Amino acid sequence: MVALMALLGLLCGRAIRALADAYDDGVTPVPPWPPAIEVVCAAVTALVAWRVGLPYACFAVIGVALAVVDWRTSLLPDAITLPAYPVMALALVPTGELPAALAGGAALAVVYGLLWFARPYAMGLGDVKLAGLIGMTSAALGWQALVVAAFAGQLLGALYAVALLVTKRGTRHTEFPFGPFMLLGAFSVLCLG
């Protein structure tokens, strides 16, 4: 099953490359070589499926797509994020944890919504929508997984900001996409969970 999920991730990685090109800003095209997107998608999909099961492999593919697009464009498009909710709900039905997943998604979306409301210039609404998806996926594994995923994303984003300051590649006001760090935190919970 892991090899099959890796192959699926590799094929999805190719589709993600095309999707990233569709959101291309015209300045930084995705180079065809090395096939980093494909390899990362294959590895994450296989690892997530191996560690927590097949229903979560769907989130791995969606998450890699969102991370790539957000990193390149600072945009978490509704065209990917919003359809991901019913897709993940259907994927989580066999786990029997759909009610917990929906509650966790709502809870984390509310927390991020409050953060956005308090400081709309520091976070986008795309991050709020992504938080709901992360909350939904991680809460299906338990409330502890939800809390760890939420804090891991914040911690990884803060560490990146500190690295920018230390290396003098940024200031306190430097903006960067936060979605990839949120997703990396969620993937950490799923893979180590």
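Residues numbered from 1 in each chain as written. Predicted model: local features only at pLDDT ≥ 70, side-chain atom pairs only at ≥ 80, totals over all residues. Heavy atoms only, no water.

Colleague: Can you walk me through unusual backbone geometry in this structure?
Modeller: Where the residue is not glycine, phi is negative for most of them; where a peptide bond is considered, it is trans in most cases. In this structure, Ser74 takes a positive phi of about 55 degrees despite not being glycine. Turning to its location among the elements, Ser74 is positioned in the loop between α3 (57-73) and α4 (78-92). One non-glycine residue, Lys168, adopts positive backbone phi at about 60 degrees. With respect to the element layout, Lys168 can be found in the loop between α7 (143-166) and α8 (179-192). On the accessibility criterion, Lys168 (72% relative accessible area) is exposed. (Helix = DSSP H or I, 4+ residues; strand = E, 2+ residues; numbered from the N terminus. Buried < 20%, exposed > 50% of the residue type's maximum accessible area, 1.4 Å probe, protein only.)

Colleague: Would you explain the state of the cysteines in this entry?
Modeller: Simply put, disulfide is the name for a covalent bond between the sulfur atoms of two cysteines. The tally for this structure, following the rule as stated, stands at zero disulfides. Take Cys41: it sits in no disulfide, and the sulfur closest to it among the cysteines is that of Cys12, at 5.6 Å. Between Cys191, a cysteine without a disulfide, and Cys41, which holds the nearest cysteine sulfur, the sulfur-to-sulfur distance is 12 Å. (Disulfide = S-S within 2.5 Å.)

Colleague: Could you clarify how one ought to interpret the packing of aromatic side chains in this entry?
Modeller: Given two aromatic rings, their pairing is described by the distance between the two centres and the angle made by the two planes. Within this structure, the stated rule accounts for six aromatic pairs. Between Trp71 and Tyr160, the ring centres sit 5.8 Å apart and the planes meet at 70 degrees, which makes this aromatic pair edge-to-face. You can see Trp71 sitting in helix α3 and its partner Tyr160 sitting in helix α7, a full 89 residues away along the chain. Relative to Phe181, the ring of Trp71 has its centre 6.1 Å away and its plane inclined at 70 degrees; by these criteria the two rings are edge-to-face. Placement of Trp71 in helix α3 and of Phe181 in helix α8 is noted, with a sequence separation of 110 residues between them. Classification of Trp71 by relative accessible area gives partly exposed; the value is 43%. For Arg51, the ring lying beneath its charged end belongs to Trp50, and the centroid distance is 5.5 Å. (Phe/Tyr/Trp six-rings, centres within 6.5 Å; stacked < 30°, edge-to-face > 60°. Lys NZ or Arg CZ within 6 Å of the ring centre and 35° of its normal.)

Colleague: I would appreciate a short explanation of the pattern of salt bridges in the present structure.
Modeller: Between side chains of opposite charge, pairing is possible as soon as their charged atoms come close. In the structure shown here, the tally under the stated rule is three salt bridges. Arg14 serves as the salt-bridge partner of Glu38, at 3.5 Å between the closest nitrogen and oxygen. With Glu38 in helix α2 (residues 36-52) and Arg14 in helix α1 (residues 2-22), the pair connects residues that are 24 residues apart, well separated along the chain. Among the residues examined, Glu38 registers a relative accessible area of 7% and is labelled buried. For Glu38, the salt bridge identified is with Arg17, shortest N-O distance 2.8 Å. Placement of Glu38 in helix α2 and of Arg17 in helix α1 is noted, with a sequence separation of 21 residues between them. Because the salt bridges share partners, they merge into one network encompassing Arg14, Arg17 and Glu38. (Salt bridge = Lys/Arg side-chain N within 4 Å of Asp/Glu carboxyl O.)

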